[in-house]
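Here is how the chains run, residue by residue.
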Amino acid sequence: MKNTKINIDFNRLKATLEKSSSIGTIPGDGLRRLALSEEDKKMRDIFLNWMKEAGLEIRIDEFGNMFGRRAGKANLTPIMIGSHLDTQPNGGRFDGVLGVLSALEVIRTLNDQQIETNRPIEVVNFTNEEGARFEPALLGSGGATGIFSLDYVYSRTDIDGKTFDSELEHIGYKGEKQSPLSNIHAFIELHIEQGPILENEKKEIGVVQGVKGMTWMELKVTGSGGHAGPTPMNLRKDALMKVANMIVYLEEKAKQWDENLSVTIGRMHLSPGVVNCIPEEVVFSLDIRHVKDEIREQFIKETKQDLQDMCEQEQFQLSITDLWQVSTTHFHSKIIKKIKEVAEELDLSTRELYSGAGHDAKYMSDICPTGMIFLPSIGGISHVEHELSLDSDIENAANVLLHTVLKLDNEQIK
Ligand code: HGY
Ligand code: MN
Ligand code: MN
């Protein structure tokens with residue numbers, strides 16, 4: 001840390017992070033803290049306590065989003081900072097968590113330094129950012145910003161058929177219905193990059209320009225079942241063999257299409273799903289992302305047609321369900337500028353980039369000036385147990401968050 005008046009207390013942030021890293025642990029240094037699970041509840045309870053200890057005014061909304069407000073001198077619109085505490089089933093210790101705990105550290109530092117900001121500062125933990133247990137992603141921030149209706153969010157079910165509604169009730173975080181978030185001065189989210197750019201280019205801070213657009217779909221291929229033994233190969237309509245061809249086609253088309261296009265099949269279920277029965281039906285997910293909406297949309301249009309043709313040619317049925325889609329988000333130019341200024345004032349090297357990962361900042365950007373601060377991910381990896389970021393990078397990014405808040409507190413943005 002170089003030439004600045006105040007710093008966050010990194011040892012305290014590290015201890016806070018270590019406490020979080022002990023909730024929902026899985027082998028390989030990872031975390032399994034699925035939204036609205038017992039582990040999520042445990043972490044929420046601890047975070048709630050930390051917010052109370054920091055003297056914050058607590059608010060929990062109908063989506064289980066947790067807010068903690070530190071009053072400002074004047075009753076101005078707040079600066080909001082935060083991210084998510086839920087993880088992937090094989091998640092790491094930093095994705096989302098760092099954004100929430102760094103926000104808490106900013107509050108604790110302002111308290112230590114007895115700094116009275118002009119504006120209220122609000123810390124937030126958004127529910128179900130990952131979309132791992134309840135699809136799609138960003139249900140908490142999407143609900144809070146009025147994108148998703150309460151009924152839609154509450155009706156989402158996990159793999160066991162449990163609803164968001166019942167699970168939120170069960171963990172005791174179903175708050176009061178509130179009107180959609182509005183009148184927020186700015187939202188800043190600190191997050192690990194989850195990609196290789198900052199590390200490869202040896203840059204300390206990522207000044208995020210926006211979030212890539214993405215589409216989630218579910219495809220169901222239906223063929224014919226049968227006995228694994230006596231059924232001749234040429235008489236089969238094996239849904240899994242068909243899907244295998246479709247996947248090879250998807251990979252080849254994506255690679256030829258554009259190096260910035262990503263296509264992922266993350267979830268698959270086949271039935272009947274036993275050794276000696278020919279798969280009759282396969283259901284699988286498709287996650288398609290690109291920073292240019294028109295490129296992503298054109299790829300999807302062509303792919304849908306090609307996959308239909310591939311199935312019809314051999315009398316397979318294909319049904320495609322659109323689960324979720326968001327267009328590319330471009331963050332507020334003045335916020336981007338401020339984050340860059342702060343990083344440079346702290347003598348930190350910067351790199352502007354778009355995020356390939358989705359974030360709550362995407363929906364917050366629809367309702368207020370928004371920006372993100374990235375720190376490097378070791379090996380550029382995330383959504384795995386051994387996701388890792390260096391202490392020095394964590395400290396740098398948290399200080400950029402602190403000073404961005406202070407800079408925004410004194411300046412007009414609109
Ligand atoms: O899907 C995403 O990019 C985020 O991790 N939820
Ligand atoms: Mn995240
Ligand atoms: Mn994630």
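See the structure printed just above.
Values in this document were obtained by computation on a predicted structure and should not be read as measured data. (Residues numbered from 1 in each chain as written. Chains lettered and ligands numbered in written order. Predicted model: local features only at pLDDT ≥ 70, side-chain atom pairs only at ≥ 80, totals over all residues. Heavy atoms only, no water.)

(A) Geometry of the packing of helix α1 (residues 10-20) against helix α3 (residues 97-112). As a packed pair, α1 and α3 sit with axes 10 Å apart at the nearest point and diverge in direction by 140°. Considering their axes alone, α1 and α3 lie oblique with respect to each other. You can see that α1 and α3 cross each other, and the crossing is right-handed. Counted together, R12, L13, T16, L17 and S20 of α1 and V97, L98, L101, S102, L104, E105, R108, T109 and D112 of α3 form the full contact between these two elements. (Axes fitted to C-alpha atoms, helices over the stretch in contact; angles between N-to-C directions. Helix = DSSP H or I, 4+ residues; strand = E, 2+ residues; numbered from the N terminus. Parallel < 35°, antiparallel > 145°, perpendicular 65-115°, else oblique. Left-handed = near helix turned anticlockwise from the far one by under 90°. Contact = heavy atoms within 4.5 Å.)

(B) Examining the nonpolar core more closely. Ranked by size, the top nonpolar core spans 91 residues in total, and within it F47, I81, W324 and V400 carry the most contacts. The contact partners of F47, leaving out residues within four places of it in the chain, are M66, L85, V100, L101, L104, V123 and N125. Judged by nonpolar contacts, the second largest core, of 21 residues, contains L286, I288, M310 and C311. (Core = buried A, V, L, I, M, F, W, Y, C linked by side-chain atoms within 4.5 Å. Buried < 20%, exposed > 50% of the residue type's maximum accessible area, 1.4 Å probe, protein only.)

(C) The coordination of the manganese ion (ligand 3), seen in detail. Around the manganese ion (ligand 3), the protein supplies D95 (OD), E130 (OE), E130 (OE) and H383 (NE2) as donor atoms, at distances of 2.2 to 2.4 Å. Taken in sequence order, the residues that donate to the manganese ion (ligand 3) follow the motif D-x34-E-x252-H. For the pair the manganese ion (ligand 3) and the manganese ion (ligand 2), the metal-to-metal distance amounts to 3.5 Å, and D95 bridges them. Of the two residues, D95 is situated in the loop between β5 (79-84) and α3 and E130 in the loop between β6 (121-126) and α4 (139-144); the sequence distance between them amounts to 35 residues. Both residues of the pair, D95 and E130, belong to the buried class. (Donors = N, O, S within 2.8 Å, 3.2 Å for Na, K, Ca; no water.)

(D) Spatial organisation of the site of ligand 1. By nearness alone, every residue bordering ligand 1 is listed as E129, E130, R289, A357, G358 and H383. The separation between an oxygen atom of ligand 1 and a polar side-chain atom of H383 is 3.2 Å. Contact with the protein chains removes 94% of the 210 Å² of surface that ligand 1 exposes when unbound. For the shell around ligand 1, the per-class residue count stands at one nonpolar, two polar and three charged. (Near = heavy atom within 4 Å. Polar contact = N/O pair within 3.5 Å; in protein donor to acceptor, adjacent residues only side chain to side chain. Areas by Shrake-Rupley, 256 points an atom, 1.4 Å probe, with all protein chains shown as cover. Nonpolar A, V, L, I, M, F, W, Y, C, P; charged D, E, K, R; others polar.)

(E) Up close: the packing of aromatic side chains. Summed over all chains, the structure comprises eight aromatic pairs. Within the aromatic cluster, the residues linked to one another by ring pairs are F67, F126 and F187. The residue whose ring lies beneath R44 is Y173, and the NZ or CZ to ring-centre distance is 5.0 Å. Cation over ring: R108 sits above W50, and NZ or CZ is 5.5 Å from the ring centre. (Phe/Tyr/Trp six-rings, centres within 6.5 Å; stacked < 30°, edge-to-face > 60°. Lys NZ or Arg CZ within 6 Å of the ring centre and 35° of its normal.)

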